[in-house]
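Spelled out from the first residue to the last, the chains are:
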Amino acid sequence: MALSKYLYISLILVLVFAYPALAQEVKKIPLEETNVLEAKNIPSDTLATDTPVAKQMKLLESSNAINDNSLPIVEVGNKKAYDLKDMQAAAEYDILWMKELYKNASLYDEMYREVTNLDIDTIVDNTINTDTLKMRLERLNQKTPFNIAYNPSLENVIKSFLVRKRSLMERMLTASQFYFPLFEEHLDNYDIPLEMKYLAIVESALNPRARSRVGAKGLWQFMYATGKMYKLDVSSYVDERSDPIKSTEAACKYLSKLYEIFNDWDLALAAYNSGPGNVNKAIRRSGGYKNYWNIRRNLPRETAGYVPAFLATMYLFEYAEEHGIKGRKIDRAYFETDTIHVKSLITFDQISELVGVGVEELKVLNPSYKLNIIPYIKGKNYSLRLPKLAMGKFVANEEAIYAHVKEQLKSKESPLPQLVKANNRIRYKVRSGDYLGKIAERYGVGVSQIKRWNGLRSNNLRIGQRLTIYPRRPYVASKASKTSSNATANKGVVAGLKVHTVKSGDSLWTISKKYPGISIENLREWNGISGNNLKQGTKLKLCDCSS
C-alpha cells in the first residue's frame, strides 16, 4: 500500500514537470503533419487554442462542413486565396509526369520530319552488328504478327534512329509509361497486336495536341472526316481527336476495319497513314504484290518511310537496354488521375484557382478542350480529369464550386465564346484581297485557329484556296448592306476622285485619315492588299468601283 502511494506521488511529479515540454512538442508539430492527429481522432478541445495545430484543425473542420455553398478563403501575405480541402488532409503529389509530358509537346515536328524525309537507302555506320540485328529481328518476328524480316533498308533506318534520334527515343521511353498502359488495355479489347502502341510514337510523338500540316490531329492523327466517322466530337470548344481515351478507342476501331480489308497488319499500317485507296493503287501498280516491301516504292513518299519508322521504333523499344537507351523510370506506371462529368460550364483558370492545379497541368490532362473551357451541353457528357487528390477537393466542395463559378460568369463583362458544332463548319474560297486577319474577323475566330484548322505554317494565302472554318458568328454579305457600306465609305471622297496616288511617307493609316468614311479595311479590300507595305506611285482605289 505504501509502495503504491509512493508510485502515485512520483507519477504526479513526472506529469507536472513534463507537461511544459509536451506542450512545446505539440507546438512544434508542422501543419502538414496534422493529418496524423486527425486520423487518431484527437479532439481539438484537448489542445491549446492558440497553437498552430488547433488553428489548422479548426480550418479543416470549417472547410469540411460546407453546407452554405461558400468557399473557405485564407490570407496569404496581403492576398486572399481559396483553401479547399478534401475530406482527408491532402499530401503533395509528384508532378514529374506533367513536366515530362509538357516537355514532349515540341517533339512532334521532329518526328514528323524524320518520317516524311526518311532515306532508307543511305548506309549509316555504327557499332551494331548485322548478324546480331538479324537474330533480334527474327525474335521479334516470331512474337508479333507483323512481317519483321531483315533487309538492308530496315537496318539503315534502325541505325539512323540510333545515331540521330537517340535523345528523342529516350524521351519517348519516359512518356510511354504514361500512355502505354492505356493503349494496351484498348488494343487488347479489340484483339489488336499490343505492339501497335508504337504507332502513336510515329504518328504524334505522344503529343495529344499534335497537328499535321494537312489537319490531322491528336495522338493517333485523325483527319476531320475520319474522326467524325468514328464519333469523335469537334466543335469550337472541344476536339475529341485530342482526347487520349476516346481517340484510342476510335483508332482501335479504324485499325480493326483496315485489317478486315487487307488481312495484313503491315498493309493496315500503310492504309492508316495514306488511306486504303493509295494502298490498293500501290498493289495494282506493283503487279499484284501484297507484301509491304514489294509495294513500298509505289506508295506516297511519306508512307514509304512510315512502316520502316514504325518497325525501327518497335525494335529500339524492345531492345532499348541492349543499346543503352534509358528513359527516366517513373515509380507509378500510370499517373493517378480520376474524371468527373462537369455539371456547369467551367474554365481552366477557375479550376486552377479553386483546386490548386496549374493551368498547364490541366492542359496536359484535358487536351481535348481547345479554349481551356469545359462546356456544359444537355445530352452530352464532358469530363474533367484531375490528379486524384485534387479530385477529392473538387468533389468535396462540388456544390460550392458550381455556385461560385455561376456567380463569376454572371459578373463577366464579356460573354464566353458561344459553342459552334462541327457540322456548322464552312468551306471558304480565298478571293483577291483576302488575308487571314480579314477572314478571321468576318467569322469571329482567331487567325491562329484558321491556321490550326487548315495546317497552315505561314500567313500566306493564294486566290482560289479553300479554307475550313468553324465560325462563331454568321457572315451575311447582302447586297443592301454592301451598297450601304460603300455609300458610307464614299461620303468623304471628293466628287469625281476615285484614286489616290501613293506618295513618300504614305501609309494605309494616313491615307484613310485623308478621306473620312474610308477605313484601312476598305483600302485593303478594294485594292487587294494583304500587308501594310505600299509602293510609291501606286494608284489606290477609293471606292468599290466594281459595284
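Remember, it's a predicted structure, so these values are computed and weren't measured experimentally. Residue indices follow the written sequence of each chain, beginning from 1 at its first position. pLDDT decides what is reported in this predicted model: residues at 70 or higher carry local features, side-chain atom pairs at 80 or more are listed and counted, and totals for whole chains, interfaces and linings draw on all residues regardless. The side-chain numbers reported here are obtained from all heavy atoms of the structure, hydrogens and water having been left aside.

### As for the overall build of the chain
Note on conventions: DSSP H or I runs of at least 4 residues are helices, E runs of at least 2 residues are strands, and numbering of each starts at the N terminus. Across its full length, the chain holds 25 helices and 10 strands. Using a 1.4 Å probe on the protein chains alone, a residue whose accessible area is under 20% of its type maximum counts as buried, one over 50% counts as exposed, and one in between counts as partly exposed. Looking at the chain as a whole, 46% of its 547 residues qualify as buried. Note that accessible areas follow from Shrake-Rupley with a 1.4 Å probe, and for residues the cover is restricted to the protein chains shown. A total of about 29400 Å² of accessible surface is found on the chain, and carbon and sulfur atoms cover 51% of it.

### Description of the packing of aromatic side chains
Pairing of aromatic side chains here covers Phe, Tyr and the six-membered ring of Trp, requires ring centres within 6.5 Å, and sorts the geometry by plane angle: under 30 degrees stacked, over 60 edge-to-face, intermediate tilted. According to the stated counting rule, one finds 18 aromatic pairs in the structure shown. Residues Phe-180 and Tyr-198 carry aromatic rings whose centres are separated by 5.7 Å and whose planes lie at 75 degrees to one another, so their mutual orientation is edge-to-face. On the criterion of sequence distance, the pair formed by Phe-180 in helix α8 (residues 166–189) and Tyr-198 in the loop between α8 and α9 (199–204) is long-range, its members being 18 residues apart. Look at Phe-180 and you get buried, because its relative accessible area is 7%. On the basis of relative accessibility, which here comes to 4%, the residue Tyr-198 falls in the buried class. Relative to Tyr-272, the ring of Phe-222 has its centre 6.4 Å away and its plane inclined at 65 degrees; by these criteria the two rings are edge-to-face. One end of the pair, Phe-222, is in the loop between α9 and α10 (224–229); the other, Tyr-272, is in helix α12 (residues 265–274), and 50 residues separate them in sequence. For Tyr-272, a relative accessible area of 8% translates into the label buried.

### Concerning helix α25 (residues 520–527)
Buried within α25 we find Asn-522, Leu-523, Arg-524 and Trp-526. In the stretch just after α25, Gly-528 is the one whose phi turns positive, near 65 degrees.

### Considering unusual backbone geometry
The backbone phi angle of Asp-191 is positive, close to 55 degrees, even though this residue is not glycine. By the secondary structure assignment, Asp-191 is in the loop between α8 and α9. Backbone geometry at Asn-263 places phi at a positive 55 degrees, although glycine is not the residue there. Here Asn-263 lies in the loop between α11 (244–262) and α12. Of the residues examined, Asn-263 reaches a relative accessible area of 57% and is grouped as exposed.

### Description of the packing of α12 against helix α13 (residues 276–285)
One way to put it is that α12 packs onto α13 with a least axis distance of 7 Å and a crossing angle of 125 degrees. Taken together, α12 and α13 sit at an angle that is classed as oblique. Contact residues: α12 offers Leu-267, Ala-270, Ala-271 and Ser-274, while α13 offers Pro-276, Asn-278, Val-279 and Ile-283. Nonpolar residues are Ala, Val, Leu, Ile, Met, Phe, Trp, Tyr, Cys and Pro. Charged residues are Asp, Glu, Lys and Arg, and all others, Gly as well, are polar. When the residues that make up the contact of α12 with α13 are grouped by side-chain class, the tally is 6 nonpolar, 2 polar and no charged. Axis definition: a line fit to C-alpha positions, over the contact stretch in the case of helices; interaxial angles, taken between N-to-C directions, run 0 to 180 degrees. Each angle receives one of four descriptions, namely roughly parallel if under 35 degrees, roughly antiparallel if over 145, roughly perpendicular if within 65 to 115, and oblique otherwise. Whether two residues touch is decided by their heavy atoms; if any such pair falls within 4.5 Å, the residues are in contact.

### Details of the environment of Ala-312
Summarising the element assignment, Ala-312 is placed in helix α16 (residues 306–318). Take Ala-312: its relative accessible area is 0%, and that puts it in the buried class. Sequence-wise, Ala-312 and Glu-155 are 157 residues apart; in three dimensions their C-alpha atoms are separated by 8.4 Å. Once residues within four sequence positions are removed from consideration, Ala-312 is found in contact with Leu-154, Val-157, Ile-158 and Phe-161.

### Looking at the pattern of salt bridges
The term salt bridge refers to a pairing of a side-chain nitrogen on Lys or Arg with a carboxyl oxygen on Asp or Glu at a separation within 4 Å. This model, assessed by the stated rule, comprises 11 salt bridges. When the shortest N-O distance is used, the salt bridge between Lys-143 and Glu-318 registers 3.1 Å. In this pair, Lys-143 sits in helix α6 (residues 130–143) while Glu-318 sits in helix α16, placing the two residues 175 residues apart along the sequence. Within the structure, one salt-bridge network assembled from shared partners comprises Lys-217, Asp-239 and Arg-241.

### What about the environment of Met-172?
Position of Met-172 among the secondary structure elements: in helix α8. Linking Met-172 and Phe-317, residues 145 residues apart in sequence, is a C-alpha distance of 9.2 Å.

### Side note on the side chain of Lys-438
As for its placement among the helices and strands, Lys-438 is situated in helix α21 (residues 436–443). Lys-438 gets classed as buried once you look at its relative accessible area, which sits at 6%.

### Digging into the packing of α6 against α16
The interhelical angle for the contact between α6 and α16, taken along N-to-C directions, is 100 degrees, at an axis separation of 11 Å. Relative to α16, α6 is oriented roughly perpendicular. Judged by residue contacts, Leu-133, Arg-136, Leu-137, Leu-140 and Lys-143 of α6 engage Met-314, Tyr-315 and Glu-318 from α16. Of the residues assigned to the contact of α6 with α16, the class counts are 5 nonpolar, no polar and 3 charged.

### Focus: the confidence of the model for the chain
The predicted model of the chain averages 74 in pLDDT, with 67% of residues at 70 or higher. Confidence scores per residue from the predictor, reported as pLDDT, run from 0 to 100. For the chain, helix α2 (residues 34–39) is the element with the lowest average pLDDT, namely 36, and α11 is the one with the highest, namely 95. Note on residues 1–68: pLDDT under 50 across the span, and 42 contacts to partners over four residues away in sequence or across chains. Here residues 474–496 scores under 50 on pLDDT; set against residues more than four positions off or in separate chains, the count is 21 contacts.

### Digging into the nonpolar core
A general trend in soluble globular proteins is that nonpolar side chains are found buried together. Within the largest apolar cluster, 69 residues are counted, with the highest numbers of intra-cluster contacts made by Phe-183 and Tyr-272. Considering each element in turn, this core owes the most residues, 11 residues, to α8. For Tyr-272, the contacting residues outside a window of four places in its chain are Leu-199, Glu-203, Trp-220, Phe-222, Ala-251, Tyr-254, Leu-255, Leu-258 and Tyr-306. Counting residues in hydrophobic clusters, the runner-up holds 25 residues, among them Leu-345, Val-357, Tyr-369 and Ile-373. Buried Ala, Val, Leu, Ile, Met, Phe, Trp, Tyr and Cys residues form a nonpolar core when they are joined through side-chain atoms within 4.5 Å.

### Focus on the side chain of Asn-207
Along the chain, Asn-207 turns up in the loop between α9 and α10. Here a polar contact means two N or O atoms within 3.5 Å. Within protein one must be a hydrogen donor candidate and the other an acceptor candidate, and residues neighboring in sequence count only if both atoms are side-chain atoms. A distance of 3.0 Å separates a polar side-chain atom of Asn-207 from the backbone nitrogen of Arg-209.

### Here we look at the environment of Trp-265
Among the secondary structure elements, Trp-265 is positioned in helix α12. Overall, the relative accessible area of 7% leaves Trp-265 in the buried class. Put simply, Trp-265 and Pro-145 are 120 residues apart on the chain and 7.1 Å apart in space, counted from C-alpha to C-alpha.

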